[in-house]
Structures are given as structure tokens and as C-alpha cells.
Amino acid sequence: MNKSLNLCNIGTSFKLLFTGYLCTIALGYLLALAQILFTHGMADGKVGLSIEDIVYSYYGNRSGTVLEKKLNGSMKMNANDAERFKIIQWVRDSADEKEFNRDIKPIIEKDCVMCHNEHAGSLPNFTEFEEIKKLTETDHGISYASLTRISHIHLFGISFIFMFIGGIFSLSTMNHHKYIKYIAIIMPFLFLFIDVASWWLTKFSPHFAWLVIIGGTGLGLSFTYMWFVSLYQMWCLPKKLGHDDRRHAMYRE
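What you see is a predicted model; the values in this text were computed from it and never measured. (Residues numbered from 1 in each chain as written. Predicted model: local features only at pLDDT ≥ 70, side-chain atom pairs only at ≥ 80, totals over all residues. Heavy atoms only, no water.)

Asker: Would you take a moment to explain the overall build of the protein chain for this structure?
Answerer: For the protein chain, the helix and strand inventory stands at 10 helices and zero strands. Of the regular secondary structure in the protein chain, the N- to C-terminal order runs α-α-α-α-α-α-α-α-α-α. By the compact-globule yardstick of 18 Å for 253 residues, the protein chain is too spread out, its C-alpha radius of gyration being 24 Å. Overall size of the protein chain, expressed as C-alpha extent along the three principal axes, is 85 × 35 × 25 Å. (Helix = DSSP H or I, 4+ residues; strand = E, 2+ residues; numbered from the N terminus. Rg over C-alpha atoms; globule rule 2.2 N^0.38 Å.)

Pasting the structure below:
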């Protein structure tokens, strides 16, 4: 049996390099989950991610307007109840510009323009009435332009992350269970396709919102499995193997 490189016998330098990468990516993954909870997770105005949150984010809440959805969802904490009620009432009363300048603009300037201004990038510019007026129309969820942009960013970014995680995990030893290893390496990419496809399907029909949960959960489980196995085999498994056992604990394709 020819000795091959695996996570048990790589040098300490590579172990530190791989561990640093895995821990950094894990922190980034946790922050990404937190960001989802603070954006999509508040779409229905309640804490926690639900099917309704996903429907409102991608398909939209077509019984109301974009501005109402935001004020009752992710932007709820940025204004008090009286101010939110006043803005929502203005929207439902036809969103007149004269009434906006008199009653609504002071609230917007106090609570909103610190983020929604000409330097806000992808956020609407609330210093322009026309930008606010667009948000008083029926909510059809995320735009096709935005969905295209986040889809290609997600595909490129996540595929690179799992290429490197999969590369580290491919050095793990599975002995007689090599097919588990093959499945673990390919599953994140399959769930990535499901995840992105589910956004587009939900945009057309709210009945596909459950696919978003499946895609995201599958990605998380795949990440967690490869992460723990890689760290375990780098730092814990060598301690359990004697010198002779470690010499034979190698992976054969």
C-alpha cells in the first residue's frame, strides 16, 4: 500500500493554514445567517425566518405596497408606531406630494436619510420624492435585475467557498466508505443549484418557497459536515492512532 497525503499526516503548517481558513469561513457563514435573519427574517414583521418571509421577499406581498412591507418588517425598529402609522396612512391616501412635503418629509429626514441618501449605493435615495413614490406601488417582491445580480454573486461566491472546503475535505480518510466522501463533496453544489433556482421559482409562484428552505438547509448541513470532519481528522484523529496505525490510515482512490 502506497502512502498518500491525508489530513492525518500533513505538516503542522498546512494544518494551521487549513484551520485558519475553516474558522474564518465558519465565522463568515454565521454572520451571513445573522444577516438573513435581520433582512429576510423580518419581512413579515416577526423575528425568525418563516415561509411567509421568503414569499414576501421574492414574490412580494401583493396586497400591500413596498413601503408598507418595509415599515412593518425589516425597517420597523427605525420609526415609532405613530410615525409608521402616519407614513402608511399617507401611502394609502394616494401618496400626494404636497402632503408628503408637509407631514412625511420631516419623518423621513429624521429617521431614514442617514442610510437612504445619494451615497447609499443599492438602497433607494430618500432625498428624492420620486424614489419614495416608487415604493408606494404594489409590492411585487425583489426585482428581476436584483435577483439576477444576487444569483450570479451567490453562484460565484459560494462555489469558490465550497471548492476550497471540498479541497481540504478531499484529503480526509474514509477507508471503505469513500462513496460517502464523494457524495459530501458534490452535495453542496447540487444544493446551491436548488437554492438559486428556488429564488426564481418563488418569484413566479409562492408555492415554491419551501424549496428555499431546503436549499439553504442542505448547504448548511454540507458545510457543517465537511468542516467538522476536516478539523477532527487534522487535530484529533492523529492522537488516537498509534505510530504504526497512522502509517496505514491513508486514503486510496
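Asker: Looking at this model, I keep getting lost on the packing of aromatic side chains. Mind explaining?
Answerer: The geometry of an aromatic ring pair is captured by two quantities: the separation of the ring centres and the angle between the planes. Overall, the coordinates contain 13 aromatic pairs when judged by the stated rule. Their ring planes at 75° and their centres at 6.1 Å tell us that tyrosine 21 and phenylalanine 164 sit as a pair that is edge-to-face. Residue tyrosine 21 is found in helix 1 (residues 12-38), and its partner phenylalanine 164 is found in helix 7 (residues 144-169); the two are separated by 143 residues along the sequence. For tyrosine 21, a relative accessible area of 25% corresponds to the partly exposed category. Relative to phenylalanine 223, the ring of tyrosine 29 has its centre 4.6 Å away and its plane inclined at 15°; by these criteria the two rings are stacked. Remark: phenylalanine 223 occurs in helix 9 (residues 209-240) and tyrosine 29 occurs in helix 1; sequence separation between them is 194 residues. (Phe/Tyr/Trp six-rings, centres within 6.5 Å; stacked < 30°, edge-to-face > 60°. Buried < 20%, exposed > 50% of the residue type's maximum accessible area, 1.4 Å probe, protein only.)

Asker: Explain a negative patch on the surface here, please?
Answerer: Negative charge collects at one region of the surface, where Asp96, Glu97, Glu118, Glu128 and Glu130 lie side by side. For glutamate 118, the location among the structural elements is in the loop between helix 5 (97-111) and helix 6 (129-134). (Patch = residues over 30% accessible without salt bridge, like charges linked within 9 Å, V, L, I, M, F, W, Y side chains within 5 Å. Areas by Shrake-Rupley, 256 points an atom, 1.4 Å probe, with all protein chains shown as cover. Salt bridge = Lys/Arg side-chain N within 4 Å of Asp/Glu carboxyl O. Lys, Arg positive; Asp, Glu negative; His and termini not counted. Charge placed at Lys NZ, Arg CZ, Asp CG, Glu CD.)

Asker: What should I look at first to understand the pattern of salt bridges in this one?
Answerer: Side-chain pairs of opposite charge can arise whenever the charged atoms involved come near each other. For the structure shown, the criterion picks out six salt bridges. Between aspartate 103 and arginine 102 there is a salt bridge; the shortest N-O distance is 3.1 Å. Arginine 102 sits in the exposed class, given a relative accessible area of 54%. Residue lysine 134 pairs with glutamate 131 through a salt bridge whose shortest N-O separation is 3.4 Å. One end of the pair is lysine 134 and the other is glutamate 131, both in helix 6 and three residues apart, which spans about a single turn. Connected through salt bridges with shared partners, the residues Glu83, Lys110 and Asp111 form a single ionic network.

Asker: Explanation requested: the packing of helix 7 against helix 8 (residues 178-204) in the structure shown.
Answerer: Think of two packed helices as two axes; the pair is described by the angle between the axes and how far apart they sit. Running from N to C, helix 7 and helix 8 point in directions that differ by 170°, and their axes come no closer than 10 Å. As the angle between them shows, helix 7 and helix 8 are arranged roughly antiparallel. (Axes fitted to C-alpha atoms, helices over the stretch in contact; angles between N-to-C directions. Parallel < 35°, antiparallel > 145°, perpendicular 65-115°, else oblique.)

Asker: Please explain the confidence of the model for the protein chain as it appears in this structure.
Answerer: Mean pLDDT over the protein chain works out to 87, with 92% of the residues at or above the 70 mark. Within the model, the stretch residues 248-253 combines pLDDT values under 50 with 24 contacts to residues more than four positions away or in other chains. (pLDDT = per-residue confidence, 0-100. Contact = heavy atoms within 4.5 Å.)

Asker: What am I meant to see in the nonpolar core here?
Answerer: Grouped burial of nonpolar side chains is what soluble globular proteins tend to show. Counting 31 residues, the largest nonpolar core has Leu22, Phe223 and Met234 as its most contacted members. Listed by contribution, the elements that provide at least two residues to this core are helix 1, helix 2 (51-58), helix 7, helix 8 and helix 9. In this structure, methionine 234 is in contact with Leu7, Ile10, Lys15, Phe18, Thr19 and Leu22, ignoring residues within four places of it in sequence. (Core = buried A, V, L, I, M, F, W, Y, C linked by side-chain atoms within 4.5 Å.)

Asker: Please explain helix 8 as it appears in this structure.
Answerer: Side chains of residues three or four places apart in an α-helix project in the same direction, reflecting 3.6 residues per turn. For helix 8, built from 27 residues, the straight-helix expectation of 39 Å at 1.5 Å per residue is met to within 8% by its first-to-last C-alpha distance of 40 Å. The largest bend in helix 8 amounts to roughly 30° and is located at isoleucine 186, with the proline proline 188 lying one to four residues further along. (Expected span 1.5 Å × (residues − 1). Bend = angle between axes of the 7 residues up to and from the residue.)

Asker: What should I look at first to understand a nonpolar patch on the surface in this one?
Answerer: Among the surface-exposed residues, Leu30, Leu33, Ile36, Leu37, Leu49, Ile51, Ile194, Trp210, Ile213 and Ile214 lie close enough to one another that they form a single nonpolar patch of about 820 Å² accessible area. Counting residues per element, the ones that place at least two in the nonpolar patch are helix 1 and helix 9. Among the elements that line the nonpolar patch, the one with the most residues is helix 1, at four residues. For leucine 49, the location among the structural elements is in the loop between helix 1 and helix 2.

Asker: I tried to follow helix 1 on my own but got confused; where do I start?
Answerer: A rise of 1.5 Å per residue sets the reference length of helix 1, with its 27 residues, at 39 Å; its end C-alpha atoms lie 39 Å apart and thus fit the reference within 8%. Among the residues of helix 1, those classed as buried are Lys15, Phe18, Thr19, Leu22, Ile25 and Ala26.

Asker: Looking at this model, I keep getting lost on the side chain of arginine 84. Mind explaining?
Answerer: Looking at the secondary structure, you find arginine 84 in helix 4 (residues 81-92). Discounting residues that sit within four places of it in the chain, arginine 84 has contacts with Leu71, Asn72, Lys76 and Ala79.

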